[in-house]
Amino acid sequence: MALFRKKRGTDETMHYGAKLITVAKPQSQTTEQFRTVRTNINFKAIDHDINTLAFTSAAISEGKSTVAANVAITYAQSGKKTLLIDGDLRRPTVHSTFSLTNRRGLTSILTSDSNEFSLDEFTQDSGIENLSILTAGPIPPNPAELVGSKRMKTFIDLVRNYYEMVIIDLTPILEVSDTQELARELDGVVLVVRQGKTQKQAVKRAVEMLTIAHAHVLGYVMNDVKSEDAGYGYGYGYGYGYGYGEQEKEKKSIFSWMNK
Ligand SMILES: Nc1ncnc2c1ncn2[C@@H]1O[C@H](COP(=O)(O)OP(=O)(O)OP(=O)(O)O)[C@@H](O)[C@H]1O
Ligand SMILES: [Mg+2]
């Protein structure tokens, strides 16, 4: 299981997996921020049930995999039977994060001829109570078509009955059109925005595309916010809201909630 290693650049997660601070430092302020993300998502569940949830971003390397894995852990830690799916078939990382094999996974289910299968044959134990993992599986030549496929939608409809929370680590919305296809089928989508990296126009476009796709955009997680108060060398910080323009004035707080 990957814990903390020195930052090595944007391909780090591809090789070493995401950093699981929620496991390494359960009492830290950053872990608390991940719990707050969970709480705020739960608030949104008052309007409609949220049982399938995806994390996406405008472009690559904004922190989707890091946020998706840590939020999944906080759901599991709260006692919810949770499944984390690696839906990023271009840059899959979940198997590395949890030190699991990727011989079988989502693609095995989506490319199988059979309509009958046992979920347990494909999911793996994360080593964390209540958290199961479905890795990406062997990468086919047409990954985009798979995640946006009818079979994927059918699979999500099936799997939601077996878990209290299904969390999907998705490809960036501006890079791959299948993200849009799937997004509309889910109860909620959260946009990960990396401070100082994501272009304002890109965030706007990403929100537009999700809106056109009729996705339920729940808000955003502002990643990598530099805050003097964070008390944690890695510089995580999370804002959660919708309006990108609000970001500046919220910068000082480690976590902020903004309604749509
Ligand atoms: N808050 C942070 N502070 C420092 N480094 C971070 C932070 N969030 C993510 N990183 C690092 O940035 C890189 C990209 O993170 P991650 O893989 O989670 O992003 P991603 O959006 O899933 O990327 P991809 O588009 O490749 O799937 C990794 O090396 C990760 O460790
Ligand atoms: Mg990723």
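Conventions we followed
- Residue numbers run consecutively from 1 along every chain, following the written order of its sequence.
- Whichever chain is written first is A, and whichever ligand is written first is 1; the rest continue in order.
- Where local features are concerned, this predicted model is filtered to residues with pLDDT of at least 70; where side-chain atom pairs are given and counted, the filter is 80 or more; whole-chain, interface and lining totals use all residues.
- Side-chain metrics rest on all non-hydrogen atoms present in the structure, leaving aside hydrogens and water.
- UniProt positions are given in the numbering used here, feature names are shortened, and annotations may be inferred rather than shown by experiment.
- Aromatic contacts are taken between Phe, Tyr and Trp rings whose centres are within 6.5 Å, Trp giving its six-membered ring; a plane angle under 30 degrees counts as stacked, one over 60 as edge-to-face, and the others as tilted.
- In this text, helices come from DSSP runs of H or I with a minimum length of four residues, and strands from runs of E with a minimum of two, each type numbered from the N-terminal end.
- Exposed residues in this analysis have more than 50% of their type's maximum accessible area, buried residues have under 20%, and partly exposed residues fall in between, with area computed by a 1.4 Å probe over protein chains only.
- Counted as over-ring charges are cases with an Arg CZ or a Lys NZ within 6 Å of the ring centre that also lie within 35 degrees of the ring normal.

With an unreviewed UniProt entry as reference, the chain is termed Tyrosine-protein kinase CpsD, source organism Lactobacillus mulieris. The record held by UniProt for the chain lists under Sequence similarities (unreviewed entry) the comment "Belongs to the CpsD/CapB family." As recorded by UniProt, the Pathway (unreviewed entry) comment attached to the chain reads in full: "Capsule biogenesis; capsule polysaccharide biosynthesis."

In this structure the tally under the stated criterion is 2 aromatic pairs. Taken together, a centroid distance of 5.8 Å and an interplanar angle of 85 degrees make the contact between F117 and F122 edge-to-face. Ring plane angle 40 degrees and centroid distance 6.3 Å describe the contact between F117 and F155, whose orientation is recorded as tilted. Placement of F117 in the loop between α6 (106–111) and β3 (124–125) and of F155 in helix α8 (residues 150–159) is noted, with a sequence separation of 38 residues between them. Using a relative accessible area of 4% as the deciding quantity, one classes F155 as buried. The ring of Y163 carries K81 above its face, with NZ or CZ at 4.6 Å from the centroid.

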